[in-house]
Amino acid sequence: MLLASKYSLPDCPENTLARPRLLSLLDRGDIDQVMLVTAPAGYGKTTLVSSWAANQDSPVAWFSLDSGDNEPSQFCRYLVESVHRATGNGVPETHALVSAQQRPDPSLVVSQLLAELRGLPSELRIVLDDYHQIDSEAVHDITRFLLRHAPAGIGVVLTSRSQPPLGLATLRVQGRLLELGSDELALDVAETAQLLQQRLPFSLDHDRVEQLHQLSEGWPPAVQLFALSVRNAEEVDRYLGELEQGHSHILDYLAEEVLERLEPQLRELLACTSILTRVNATLAERLSGLEGGQQLLEQTARRGLFLQAQDSSRQWFRYHPVFARFLQRQLTEKTRLQELHRIASDTWQELGQPLEALRHALAAEDTERLQQLLHTQGEQFLREGQIRVLNDCLTWLGADKLQRNARFTLIAAKLARDNFEYDQCEKVLTAAESWLQREDPEQWRDFEGAFATVRAQAAVARGQTLVAKEYAEEALELLRPDQLGERIAALLVVGETGFCLGALDDAIDHMREVEALALAENDHPSAAWAICQQTEIAIAQGLLKKAAALQERAQRLVEEHHLVGLPISEFICRLGGQLEWEDCRLEDAAASARRGMQINRKAGERWLLQEYSLLLKVAQARGERDESLEWLSRIDRLLAGERYHRDWVANADAARLRAWRALNDQQAIAAWLEQAQPVADRPSNHFEQCHGRNHVRALIEVHRWSDANRLLSRLQQVARECGLVTDCLRNLVLEAHLLWLREQREAAVHAIREALSIAVERDFRASFLQVGKPLIVILKAAIDSGLGEAEQDKAQELIRLAQQQPELDGGIRIELDETIIREILDSDAVPDFLRHSPLTPREWQVLNAIHSGLSNERIARHFKVAPSTIKTHIRSLYQKLDVKDRQEAIALAEQMLRSVQDQPSDQGHS
């Protein structure tokens, strides 16, 4: 008796994710090509091929293999049965042959089958599903014969967890092999999002989707278990944490599907090498004690055991992270595990990979190895942003060992400094200083200048600019000539204090000096940092094109010296995002923010504040309410639980205040104003200026206009004195808004004219748009007052940008009611033909929405109707307006709606 399920095309499960990306790859295969779909368990090989087969015009013979099919006669029976049924009893003689004999001769059966296949009237695909179940050489011989002699129009498709030994290399060279592997079968980010959208009872934000995709690397079972396990948004972070450690359901799945099928020697190799981030033959042999490491690794990879080659020569391999965590759970004996880590540490040292050696020394709890690596490589690890592993190492060593070793103390102090824990930084330095001066004065003299350098860096970070300058100058006197790294750091502080004090020319000279010195010493991270500081100074000076060129130079330096992924690379992304934001290139700004998030995520979420702030500004500019609320919530959470540099806080607060204003959350604005830090007496740098403007915006919202005016005057006076051109422009725009609110229209126009005169020489856009809709009427009043040609062009450009900005709910800036429509119809701006064939009220509203820059889908969402209804209105509109496309409609609407948007009130019709 034959089981029908083995020769029948399986049904696709309900809610199967449609994967047109992969189906199109299979569709491209020629009928005479062998198709091979290989990937470890769980990648959806059977589901993919069965859904593809179900939509083929020609017949498909399906054969689901299991271990019993290693008996050649059984293999032949099922193969023939599947072909016979798929072709409508198309191979009767072969079918009779296998039915008549208890043990038919396989070679005779396959020869007869191929002969009958030549006479078929249509093409045929034969699918051999789960071919990894076959380990019989006799069955492999049958399959090889089938592949080699299949007549034209007969194709074979194999799915397998491992590479089958069927002479595929020859087919590959001949171009007769189409291959899909785990790289192709892994879910991409879009597919992950689509699957979660289908199965989760709530919406998951893009950032969490990307995080899940990163942890799972697109392995479908991990994503599916997430969708089954998470019932609400509050459980998301908990599950992601469990997935990072090894979720129990996934471990059970891998134990059943993978581990139980392996022989002991291979299990041993997998378990021993799973503690490695990547593995080669040397590491495999040292850790497992087995010979033939390269052969063992290649065999493991061929068998589909979640091990992938990392280079074309197949020297280095890497486990899928989910599988690696599963394997590590098999190592339960602590003594043995520590010994494996010691062997790994020593081997990585021999291979010239000190960071990997350090990780394993720590895991082995080996103090001697750990201290030796920190002593020689600690500063390099710090520059590379290896915060977590260094923190873990220093915690393991303990305070007593730290204070006795100046090098370790400096690493701990710098980690605390970079973590904004300035009190802890000073505590570590003070404890070591006290012990060293008493017990080891010679060591103290060697490192006194380095201690002063760290204190200078901590002081400038916490806003103690003059103290930082004193420490930096002291450090430069104390440092020995061979302490070039510390000397570069001290010079950076001198330049940064100049920037903070408003001495921009001196600051940029210092940064150029640091860049040259760092490049001469091949200290490329410090050189890139100095270029980034020059970029910030250029932005402050309003030299945006120069800033963009500097930012690109820093990016090139990072790429040329393979520093992508270090903290400095995130700083470069952030600067690029700021410039793109100012230029109103929202997509580019968001992409820069997400690149920065990718770099900083490994150090923890607290480091994502700057990226969250930029993404909030982007979401608000797009009118995305839900997304804005999500970013706003994350920023609130970080600011409530962490300490940050005032620059970061001011930038985040600026984004929050704009969002609160758009959401009309006066309570949040008033609460912020009550607890916010006071503005510096002399706000001489960009972040103190930004913090001051935050106060001004909040004071405007709570109608304390006189207080806002006094503070803004102080900000502007200092900005002019220090040459902070960008802050001057932003202050002028805010001043114009405040004066307009106070009905001092002439003074408001004067302020906006001055801002425009600055902007025409430089590429400012977004800085104007932050005041919202009132900008339109202020700019039009300025145009009416008479502007130069360049200023007028800039004003018109800004008006267009302001008109296109949607409200935070995705709505429209000016709603048209009957009164306003009558006003428009009474104006001279309306063409005569429109008076004879008037628009309906809804058509006016749709025209206004088109003019506001909304897509058809957004307009439909706003009016709560189907997109097809909006298309009907638009066709009618174009006919009545006598226009042929959207651009002509926008131009005509601009002409007609000007009378509404020129209303002198700051509220207008909103």
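No experiment lies behind these values; they were computed from the predicted model shown.

Scoring rules and cut-offs
Residues numbered from 1 in each chain as written. Predicted model: local features only at pLDDT ≥ 70, side-chain atom pairs only at ≥ 80, totals over all residues. Heavy atoms only, no water. Helix = DSSP H or I, 4+ residues; strand = E, 2+ residues; numbered from the N terminus. Buried < 20%, exposed > 50% of the residue type's maximum accessible area, 1.4 Å probe, protein only. Phe/Tyr/Trp six-rings, centres within 6.5 Å; stacked < 30°, edge-to-face > 60°. Lys NZ or Arg CZ within 6 Å of the ring centre and 35° of its normal. Salt bridge = Lys/Arg side-chain N within 4 Å of Asp/Glu carboxyl O. 1 Å grid on protein atoms, 1.4 Å probe; cavity = no way out; pocket = protein on both sides within 12 Å on 5 of 7 lines; lining within 4 Å. Points joined across faces, edges and corners; volume = space filled by probe spheres on them. Nonpolar A, V, L, I, M, F, W, Y, C, P; charged D, E, K, R; others polar. Pairing = 2+ DSSP bridges.

Engineer: Looking at this structure, how should I read unusual backbone geometry?
Structural biologist: The general pattern is negative phi for most residues beyond glycine and trans for most peptide bonds. In the Ramachandran plot, Asn522 falls in the positive-phi region, its phi being about 60° despite a non-glycine side chain. Take Asn522: it is sitting in the loop between helix 28 (504-520) and helix 29 (524-540). In this structure Asn522 comes out as exposed when scored by relative accessible area, which is 57%. Positive phi, close to 55°, is recorded for His562, a residue that is not glycine. With respect to the helices and strands, the residue His562 is situated in the loop between helix 30 (544-560) and helix 31 (567-582).

Engineer: How should the packing of aromatic side chains be read in this particular structure?
Structural biologist: Each aromatic ring pair is specified by the distance between its two centres and by the angle formed by the two planes. Under the criterion given, the structure shown has 13 aromatic pairs. Relative to Phe75, the ring of Phe63 lies with its centre 5.4 Å away and its plane at 45°, an arrangement referred to as tilted. Of the two residues, Phe63 is situated in strand 2 (residues 60-64) and Phe75 in helix 3 (residues 72-86); the sequence distance between them amounts to twelve residues. One exposure class covers both Phe63 and Phe75, and it is buried. A ring pair is formed by Trp529 and Phe571, whose centres lie 4.8 Å apart and whose planes are at 50°; its orientation type is tilted. With Trp529 in helix 29 and Phe571 in helix 31, the pair connects residues that are 42 residues apart, well separated along the chain. Trp529 sits in the partly exposed class, given a relative accessible area of 34%. Through successive ring pairs, a cluster of aromatic residues spans Phe420, Trp607, Tyr644 and Trp648. Lying across the ring of Trp607, Arg606 places its NZ or CZ 5.5 Å from the centre.

Engineer: Is there a simple way to think about the pattern of salt bridges in this case?
Structural biologist: With the rule as written, the count across this model stands at 62 salt bridges. Its salt-bridge partner being Arg462, residue Asp423 comes within 2.9 Å of it at the nearest N-O pair. On the criterion of sequence distance, the pair formed by Asp423 in helix 24 (residues 422-439) and Arg462 in the loop between helix 25 (441-461) and helix 26 (465-478) is long-range, its members being 39 residues apart. For Arg462, a relative accessible area of 32% translates into the label partly exposed. Measuring nitrogen to oxygen at the nearest pair gives 3.0 Å for the salt bridge that ties Arg585 to Asp583. Overall, Asp583 belongs to the partly exposed group, its relative accessible area being 21%. Each of the salt bridges in this network shares a partner with another, and the network as a whole consists of Asp205, Asp207, Arg208, Asp237, Arg601, Glu630 and Arg634.

Engineer: What am I meant to see in empty space enclosed by the protein here?
Structural biologist: Any empty space left between the atoms is revealed when a probe the size of a water molecule rolls over them. Applying the stated criterion across every chain, the model contains six cavities of 30 Å³ or more. Here the largest cavity is characterised by a volume of approximately 710 Å³. Listed by contribution, the elements that provide at least two residues to the lining of the largest cavity are helix 29, helix 31, helix 32 (586-600), helix 33 (609-622), helix 35 (646-662), helix 37 (686-701), helix 39 (725-741) and helix 41 (766-769). Along the lines of polarity and charge, the residues of the lining of the largest cavity split into 16 nonpolar, nine polar and eleven charged.

Engineer: What is the right way to read the pairing of strand 4 (residues 154-160) from this model?
Structural biologist: Regular strands place their side chains on alternate faces of the sheet. Across the seven residues that make up strand 4, a large majority, seven, are buried. Burial of strand 4 is two-sided: the residues Ile154, Val156, Leu158 and Ser160 facing one way and the residues Gly155, Val157 and Thr159 facing the other way are all buried. The pairing of strand 3 (residues 124-129) with strand 4 spans five bridges and is classified as parallel. The residue bridging Arg125 from the neighbouring strand is Gly155, located in strand 4.

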